[in-house]
Amino acid sequence: MSSNTAPSSSGGARSADSAAPRRSKRPKYSRFTQQELPACKPILTPNWVISAFMLVAIVLINIGVATLFASRDVVEIVDRYEADCIPASSRSVKVIYIQTSGNKTCNRTLMVRPSFINIKGL
């Protein structure tokens, strides 16, 4: 037998170089690698499902009501700046004015009336 041939698996005498432990590419057997871990398997009875649904509904309804009351205090202030920030000669061609390069600094002062501050119960 030449040294290039594979050893037979008939259980014959082993040579000195094959006395080292055999290394396998297989993973070590464990319940984790074999996906045999215990799992939570709840039994979904109608009473349990309805109770969970009602609990989630109560929580989300409370969040929605709180959001609704908070949004009632929002006041929208609209300030159209194109009338003052675009020169009178360019108002008919606003897009061309915006696309051209140059200094287009626009300073605006926005005055908010005190009646808009801390409004409760619109």
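For the structure, see preceding data.
Residues numbered from 1 in each chain as written. Predicted model: local features only at pLDDT ≥ 70, side-chain atom pairs only at ≥ 80, totals over all residues. Heavy atoms only, no water.

Caption draft 1: The packing of aromatic side chains, seen in detail. Taken as a whole and judged by the stated rule, the model has 0 aromatic pairs. Just above the ring of Tyr97 sits the side chain of Lys104; from NZ or CZ to the centre is 5.5 Å. (Phe/Tyr/Trp six-rings, centres within 6.5 Å; stacked < 30°, edge-to-face > 60°. Lys NZ or Arg CZ within 6 Å of the ring centre and 35° of its normal.)

Caption draft 2: Structural context of the state of the cysteines. In this structure the tally under the stated criterion is 1 disulfide. Across the disulfide from Cys85 sits Cys106; the S-S distance is 1.5 Å. The chirality of the disulfide connecting Cys85 with Cys106 is left-handed, given an S-S dihedral of about -45°. Of this pair, Cys85 sits in helix α2 (residues 82-85) while Cys106 sits in the segment after α3 (94-99); the two residues are 21 residues apart in sequence, bridging distant segments of the chain. Using a relative accessible area of 18% as the deciding quantity, one classes Cys85 as buried. (Disulfide = S-S within 2.5 Å. Helix = DSSP H or I, 4+ residues; strand = E, 2+ residues; numbered from the N terminus. Buried < 20%, exposed > 50% of the residue type's maximum accessible area, 1.4 Å probe, protein only.)

Caption draft 3: Expanded view of a nonpolar patch on the surface. Side chains of Leu55, Val56, Val59, Leu60 and Ile63 sit close together on the surface and give an oily, nonpolar patch of about 470 Å² of accessible area. With respect to the helices and strands, Val56 occurs in helix α1 (residues 46-71). Exposure remark for Val56: the relative accessible area of 47% places this residue in the partly exposed category. (Patch = residues over 30% accessible without salt bridge, like charges linked within 9 Å, V, L, I, M, F, W, Y side chains within 5 Å. Areas by Shrake-Rupley, 256 points an atom, 1.4 Å probe, with all protein chains shown as cover. Salt bridge = Lys/Arg side-chain N within 4 Å of Asp/Glu carboxyl O.)

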